[in-house]
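# Coordinate analysis (summary)
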Amino acid sequence: MTLHAVDYAILALYFVFVLGIGWYLKRTVSTSADFLTSGHSVPLWITSLAFVAANLGAQELIGMSASGAKYGIMTAHFYWIGAIPAMVFMGVFMMPFYFGSRARSVPEYLKLRFDEKTRGFNAFAFAIMTVFSSGISMYALGLLLELVLHWSFTASVLLSAAIVLAYTLAGGLTSAIYNEVLQFFLIVMGFAPLAWLSVAKAGGWSGIAQRLPAVMSSAWGHMGHAADNPMGVELFSMVAGLGFVLSFGYWCTNFLVVQRAMAARSMAEGRLTPLIGALPKMLLPFVIILPGIAAVALAQMGLGYTLPRKGAGYDYDQVITTLMAQFYPSGLLGVGMTGLMASFMSGMAGNVTAFNTVWTYDIYQSYIRKNAPDSHYLKVGRMTTVVGVALSIGCAYLATLYNNIMDLLQLVFGFVNAPLFATFLLGMFWKRSSANGAFFGLVTGTAAAAATHGLTVAEGKGGWIAPLVHFPSTMAQNFWIAIWAFAVCSIVTVGISLVTQPKPVEELKGLVWGVTPIPPTGNVPWYEKPALLAVLVLALCVILNWVFR
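A few points on the structure. In this text, all values refer to a predicted model and were calculated from it rather than measured experimentally. (Residues numbered from 1 in each chain as written. Predicted model: local features only at pLDDT ≥ 70, side-chain atom pairs only at ≥ 80, totals over all residues. Heavy atoms only, no water.)

Take the overall build of the chain next. Across its full length, the chain holds 21 helices and five strands. Against the 2.2 N^0.38 benchmark of 24 Å for 549 residues, the chain shows a C-alpha radius of gyration of 22 Å, consistent with a compact globule. Overall, the C-alpha framework of the chain stretches about 70 × 55 × 50 Å when taken along its three principal axes. Relative to its full complement of 549 residues, the chain shows a buried share of 62%. Summarising the internal contacts of the chain: among those between residues at least 6 apart in sequence, 82% fall at separations of at least 24. Of the roughly 19,300 Å² of accessible surface on the chain, 70% is carried by carbon and sulfur atoms. Treating the 28 positive side-chain charges of the chain as one cloud and the 20 negative ones as another, the clouds have centres 5 Å apart. (Helix = DSSP H or I, 4+ residues; strand = E, 2+ residues; numbered from the N terminus. Rg over C-alpha atoms; globule rule 2.2 N^0.38 Å. Buried < 20%, exposed > 50% of the residue type's maximum accessible area, 1.4 Å probe, protein only. Contact = heavy atoms within 4.5 Å. Areas by Shrake-Rupley, 256 points an atom, 1.4 Å probe, with all protein chains shown as cover. Lys, Arg positive; Asp, Glu negative; His and termini not counted. Charge placed at Lys NZ, Arg CZ, Asp CG, Glu CD.)

Here you go:
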């Protein structure tokens, strides 16, 4: 792959734009709330696209294309059952509590609903998770620049981190959100042509289906047994592990995405943010996953394209970049490279802004210095941004151990988000759930995730306690880790809550369903009514699942 002057010019123009947005928004930052939470000032269409773009990092763009080549159309489940229902649930049922509680973060909601120790445990776990996730984004872009520009991995990571750090330090969360919207459009423009060209070259969807095993072109038809499909999952683990635990845990409790909805101007716009964001989200598989599936078909057609290799196996993470080298001419290659760069910055900035908010408000302000002036917390927020980027650089090297970064990402989510969703589900919808039940449920749920990983083996990973169970794929192992973490957390939380004292009902207003008034939508257009919009989104999702069944 060779970049020409026009490609470098497109990349340079993009860098100027993102740094310019950060510099322009710097004037809006005068308090820690401006820097860390945007002060509930961002319009609905911006928060909706940022809600999707914050998850559209390099790890998703490269990882989902890699999973498409590795697992086929089943990868679309990460969107159609692994995102859309959870986004609908968050908008209809959970955003009223996030807004009604006036919490500045997800861990702070846990403090208000339960107690300080529950908030502290989640804050530290989330901080670790965001650093890992940001590191995976850095790893993905480091691979890209190493391949395209022939830079060393270390130089690639350091340069890209410096650019993200510059605009995030300048404008804080608001800068990250507005840049995420720009990056969303660049990602679509950069990869929609690749999807079209690769699929057309492979003979369309029918041509791809003819050249691949039937299991790779069917989303639901081969899940009777784990051995029947390349992902190694059966119907229960797919629906319960991905469709319920991992997806709801991520989209409903992960502060990285929740923070975007919480930046909205009102509760009404906060509820609509994930619902509107679900519409472009369900169409992204056609831009991201299809090229990976097409690559497998193209490799069998004798056209000069081969799947990249890593040791004795395939390096699926390089599929998207090798396709670009195959199909993109000069100019369009610059657009595609800019899309990849945008995906990296979107993912990394999202994680860094979530990390600095949780560290500043939920850890530093709570445990290190409680009553400092606001200017002090603004300074700490900026310093934490630098530290978060530095830690992410270290985590980028851990990702080199995996041949599919989505496998690593889902493992991290299984440890953190799966038990957390059980805590939120019981805390928001069961008044009897107690502080001790929530805390010990989270601890034991996380321990259950670790035990499951230590007692199972998949693709040579896990089994560090005893290799009692073997899974056919790392993804199948991840789903069961999430299932066990959620189940154990739920059982322990319920058991302890039944024998301990819950908070008085009068203290649960704004925090729990049934004692929290939900403002009526009033006389607004149908597309601004959460319930009706939710039905539309779910109906479209069902149609997509039926077409690719």
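What follows picks up the thread again.
A word on the packing of aromatic side chains. In total, this model carries 32 aromatic pairs according to the counting rule given. Seen from their ring centres, Phe-236 and Trp-480 are 5.8 Å apart, and the 40° between their planes marks the pair as tilted. Taken as a pair, Phe-236 in helix H11 (residues 235-253) and Trp-480 in helix H20 (residues 474-497) lie far apart in primary sequence, 244 residues in all. Joined through ring pairs, the aromatic side chains of Phe-89, Phe-93, Phe-97, Phe-244, Phe-248, Phe-421, Phe-429, Phe-486 and Trp-513 make up one cluster. Over the ring of Tyr-361 we find Arg-104; its NZ or CZ atom is 3.8 Å from the centre of that ring. Cation over ring: Arg-549 sits above Trp-546, and NZ or CZ is 4.0 Å from the ring centre. (Phe/Tyr/Trp six-rings, centres within 6.5 Å; stacked < 30°, edge-to-face > 60°. Lys NZ or Arg CZ within 6 Å of the ring centre and 35° of its normal.)

Our focus in this paragraph is the sheet that holds strand S3 (residues 456-458). What the three strands build is an open sheet, ordered S4-S3-S5; its pairing is mixed. In this open sheet, the two strands that pair with only one neighbour each are strand S4 (461-462) and strand S5 (469-470). Both S3 and S4 contribute to a ladder of two bridges, which runs antiparallel. Counted as the bridge partner of Val-457 is Gly-462 from S4. Those strands touched by H20 are S3 and S4, and its axis lies near 150° from that of S3. (Pairing = 2+ DSSP bridges. Axes fitted to C-alpha atoms, helices over the stretch in contact; angles between N-to-C directions.)

Bringing the environment of Gly-224 into the picture now. Secondary-structure assignment places Gly-224 in the loop between helix H10 (204-211) and H11. For Gly-224, a relative accessible area of 57% corresponds to the exposed category. In this structure, the C-alpha to C-alpha distance between Gly-224 and Gln-300, residues 76 residues apart in sequence, is 28 Å.

With that out of the way, let us pick up the pattern of salt bridges. Counting across every chain of the model gives eight salt bridges. A salt bridge links Glu-116 to Arg-119; the shortest N-O distance between them is 2.9 Å. Of this pair, Glu-116 and Arg-119 both sit in helix H8 (residues 116-148), separated by three residues, roughly a single helical turn. In this structure Arg-119 comes out as buried when scored by relative accessible area, which is 2%. When the shortest N-O distance is used, the salt bridge between Glu-180 and Arg-260 registers 2.6 Å. In this pair, Glu-180 sits in helix H9 (residues 153-201) while Arg-260 sits in helix H12 (residues 255-262), placing the two residues 80 residues apart along the sequence. (Salt bridge = Lys/Arg side-chain N within 4 Å of Asp/Glu carboxyl O.)

Tracing the backbone through its elements, the reader meets Leu-411 in helix H18 (residues 405-429). With relative accessibility at 11%, the residue Leu-411 sits in the buried group. Residues Leu-411 and Met-324 lie 87 residues apart in sequence; the distance between their C-alpha atoms is 29 Å.

In this section: the packing of H11 against H20. Between H11 and H20, the shortest axis-to-axis distance is 9 Å and the interhelical angle comes to 65°. Considering only the axes of H11 and H20, their crossing is left-handed. Contacts between H11 and H20 involve Phe-236, Ser-237, Met-238, Ala-240, Gly-241, Leu-242, Phe-244, Val-245 and Leu-246 on the former and, on the latter, Asn-478, Phe-479, Trp-480, Ala-482, Ile-483 and Phe-486. Class assignment of the residues belonging to the contact of H11 with H20 gives a composition of twelve nonpolar, three polar and no charged. (Left-handed = near helix turned anticlockwise from the far one by under 90°. Nonpolar A, V, L, I, M, F, W, Y, C, P; charged D, E, K, R; others polar.)

Distances and angles like these do not, on their own, reveal function.
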